[in-house]
Amino acid sequence: MPDSYYVTTPIYYVTDAPHIGHAYTTVTADAVARWHRMAGEDVRFLTGTDEHGLKVQRSAEEHGVTPQEWAERTSRRYEEAWELLDISNDDFIRTTEPRHHTAVTKILEACRANGDIELRRYEGLYCVSCEGYYTESELVEGNCPIHHRPVEHMEEENYFFLLSRYEDRLLEWYETHPEFVRPRSRRNEALGFIRGGLQDFSISRTSITWGVPIPWDPSHVTYVWFDALTNYLTGAGYGSDDEEFAHWWPAVHLLGKDILRFHCVYWPAMLMSAGIEPPRNAYVHGFLLVGGEKMSKTTLNQIAPADLVADFGVDGFRYHFLRNQPFGPDGDFSYEGMVARYNADLANNLGNLLSRVSTVVARKCGGVGPAPDPGSELGVLTAEVFDRAANAWADVQPSAALEATWSLIGAANAMLEKAEPWKMEPGPEVDRVLGDALEVLRIVGLLAAPAIPSSAAEIWRRIGLGSDPSAAGLEAAGWGGYPGGLEVEKGKPLFPRIGGRGNRS
Ligand code: ME8
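Residues numbered from 1 in each chain as written. Predicted model: local features only at pLDDT ≥ 70, side-chain atom pairs only at ≥ 80, totals over all residues. Heavy atoms only, no water.

A. Examining the environment of Glu41 more closely. By the secondary structure assignment, Glu41 is in the loop between helix H1 (20-38) and strand S2 (42-50). Among the residues examined, Glu41 registers a relative accessible area of 22% and is labelled partly exposed. Between the C-alpha atoms of Glu41 and Tyr5, which are 36 residues apart in sequence, the distance is 6.7 Å. For Glu41, the residues in contact, after removing those within four places along its chain, are Pro2, Asp3, Tyr5 and His36. At 2.9 Å, the side chain of Glu41 forms a polar contact with the side chain of His36. (Helix = DSSP H or I, 4+ residues; strand = E, 2+ residues; numbered from the N terminus. Buried < 20%, exposed > 50% of the residue type's maximum accessible area, 1.4 Å probe, protein only. Contact = heavy atoms within 4.5 Å. Polar contact = N/O pair within 3.5 Å; in protein donor to acceptor, adjacent residues only side chain to side chain.)

As structure tokens, this is what we get:
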């Protein structure tokens, strides 16, 4: 039985259109899922949309449609964006689905049975826009510090989850599972929250109706985070198929730093309360910034994935974010930077290797690719690169994995420049050099397939291999697999160079 690997993205709010920040997390999760599939593991990859809460209810009202209709319309935009970006999710969860209601009901009952849910009267200063309470000292001139609007005195009965009971158990979990939150800097951040002291949090509202009713008191609906986090259970079969659930759980979560506290503090405590094992890992990344500024929603919306795909292609888009933004810290996005990286890594380094090799094979070998030298130095380098890439993918560091992979492409180009097979007479020396270069292309097709799946498949097709690298899997990554005697096709540039804006030549 292969190992199971269940990987998730956050579920995105249907109040916003998909932008490159969302795409960053989703493409990363997709590439990681693809790597694990190629490693022969049994993979389940879940993404979806977060559809309840007041903001959705209000957007729907403004547009004169029901919340369900509104959620449907905007959720579809995420599905379309992920189709465009070649995302290979196995399931798409929507929190308005009946299976999710069942799961939320089940976890609520389990936490309540464990004595961790309590009804409390809550009184305080409330900002309706934030849907949150403030203390007197947090206000700015008596107004909400975010919306600069007057707050209201509110009194409400809410169900609370008794998070404060979980401080010690969470610290112990972190202690015994040092790999739980990655990278390490994010683990320290999460530990800081826990050590700073945990407050019980409200998990229900009576003021809204758009949500999952609290099973034992339907005058309340479950408030957003308790509802949203539970999607990860729903997507693995919790509440609908125990066997499925046991097979997939615990999950590997990918998320941005904005929601670290919910995933790394609230969520493991909720699971412990319900008698479920906490997630295997939470991999937390930083923000994409534009010009050093935190992108506002409007700036981000101006950079829709489809616009960049029009200029760089799907694989150009995927490669850029995987390679250019190391997973963990914040990173700057610029269009110029994207052009520069595309031209250097894809058009020049990889694209040139393929076009050079196919041109010289046509001229010197009658278009038939020779086999590699089993004792080639490039074979030794390949083994090292494979280990570096495998470790990096296993630790959700696609940029390091691709850097390693591209070092192999660089080495093959350097070898060709030194040997200059285009100046040689046809014969065994030319065959050896080109056979090695073809073998590098075959192996790069495998190692790069999680990032650029269709280009990797095209490389394999052009060098005469009849199968798809994603399907062949990593077993095929050892040196010496290119059989030789295959027809090599001289095609158009795989990644045409980009000049100015949107000008693919
Ligand atoms: O928070 N850079 O949904 P959301 C990088 N529904 N990643 C970014 C980003 C940026 N500038 N902006 C957004 C929610 N993201 C909840 C989640 S999960 C149980 C519920 C990515 O639509 C990043 O992954 O606001 C972040 O965590 C997520 O989008 C937030 O998406």
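The structure having been displayed, the exposition proceeds.
B. Representation of the layout of surface pockets in the model. There is about 260 Å³ of room inside the second largest pocket. In terms of lining residues, the second largest pocket is bounded by Asp373, Ser376, Glu377, Leu378, Ala411, Ala414, Met415, Lys418, Ala419, Glu429, Arg432 and Asp436. Counting only elements with at least two residues in the lining of the second largest pocket, the list comes to helix H14 (377-394), helix H15 (398-419) and helix H16 (428-448). Considering each element in turn, the lining of the second largest pocket owes the most residues, 5 residues, to H15. For the lining of the second largest pocket, the class distribution of residues is 5 nonpolar, 1 polar and 6 charged. (1 Å grid on protein atoms, 1.4 Å probe; cavity = no way out; pocket = protein on both sides within 12 Å on 5 of 7 lines; lining within 4 Å. Points joined across faces, edges and corners; volume = space filled by probe spheres on them. Nonpolar A, V, L, I, M, F, W, Y, C, P; charged D, E, K, R; others polar.)

C. Structural detail: the nonpolar core. Among the nonpolar cores identified, the biggest contains 94 residues, and Trp82, Leu308, Phe317, Phe321, Leu350 and Trp406 are the most heavily contacted of them. Taken domain by domain, the makeup of this core includes at least three residues from each of domain 1 (4-306) and domain 2 (334-487). By size, the runner-up hydrophobic cluster in this structure holds 60 residues, among which are Ile11, Ile208, Tyr266 and Ile276. (Core = buried A, V, L, I, M, F, W, Y, C linked by side-chain atoms within 4.5 Å. Domains from an automatic or database assignment.)

D. The arrangement of the pairing of strand S13 (residues 281-285) in detail. Burial analysis of S13 places 5 of its 5 residues in the buried class, the great majority of the element. Covered by surrounding structure in S13 are Asn281, Tyr283 and His285 together with Ala282 and Val284, the residues of both alternating faces. In terms of strand pairing, strand S7 (residues 181-182) meets S13 through 2 bridges, oriented parallel. Bridging across to S13, Arg182 finds its partner in Tyr283. Pairing geometry for strand S12 (residues 252-256) and S13, over 5 bridges, is parallel. Bridge pairing in S13 places Leu255 opposite Val284. Viewed along the sheet, the connection from S12 through helix H10 (residues 260-273) into S13 turns out right-handed. (Pairing = 2+ DSSP bridges. Right-handed = clockwise from strand over helix to strand, strands pointing away.)

E. Region of the structure containing empty space enclosed by the protein. Overall, the coordinates contain 2 cavities of 30 Å³ or more when judged by the stated rule. Looking at the largest cavity, the residues that line it are Gly351, Leu354, Ser355, Arg462, Gly491, Lys492, Pro493 and Leu494. Looking at which element gives the most residues to the lining of the largest cavity, the answer is helix H13 (residues 335-364), with 3 residues. A volume near 30 Å³ is recorded for the second largest cavity. Leu288, His320, Phe321, Asn324, Gln325, Asp332 and Phe333 together form the lining of the second largest cavity. Per-element tally for the lining of the second largest cavity: the top contributor is helix H12 (residues 305-324), with 3 residues.

F. A look at the sheet that holds strand S11 (residues 217-222). Taken in spatial order, the 3 strands make up an open sheet running S9-S11-S10, and their pairing is antiparallel. What marks the edges here is a single partner per strand, and that holds for strand S9 (204-205) and strand S10 (213-214). Alignment of S9 against S11, held across 2 bridges, turns out to be antiparallel. Within S11, the position partnered with Ser204 by the bridge is Thr222.

G. Layout of helix H3 (residues 67-84). The end-to-end C-alpha distance of H3, which contains 18 residues, comes to 26 Å, matching closely the 26 Å that a straight helix rising 1.5 Å per residue would cover. Along H3, the residues that are buried comprise Trp70, Ala71, Thr74, Ser75, Tyr78, Ala81 and Trp82. In an axial view of H3, the angular spread of the buried residues amounts to 115 degrees, which keeps them on one side of the axis. Count one or two residues on from H3 and you reach Asp86, which has phi positive near 65 degrees. (Expected span 1.5 Å × (residues − 1). Arc of directions from axis to C-beta.)

H. Seen up close, the site of the ligand. Around the ligand there are 23 residues in total, and Ile11, Thr25, Asp50, Asp258 and Leu288 lie nearest to it. One nitrogen or oxygen atom from the side chain of Asp50 is found 2.7 Å from a nitrogen atom belonging to the ligand. Contact with the protein chains hides 95% of the accessible area of the ligand, taken as 670 Å² for the molecule alone. Of all the elements in the fold, those that place two or more residues in the shell around the ligand are strand S1 (4-13), H1, helix H7 (224-229) and helix H8 (231-234). The dominant element in the shell around the ligand, judged by the number of residues it contributes, is S1, at 4 residues. Class assignment for the residues of the shell around the ligand results in 12 nonpolar, 9 polar and 2 charged. (Near = heavy atom within 4 Å. Areas by Shrake-Rupley, 256 points an atom, 1.4 Å probe, with all protein chains shown as cover.)

All quantities given are derived from atomic positions and should not be read as evidence of function.
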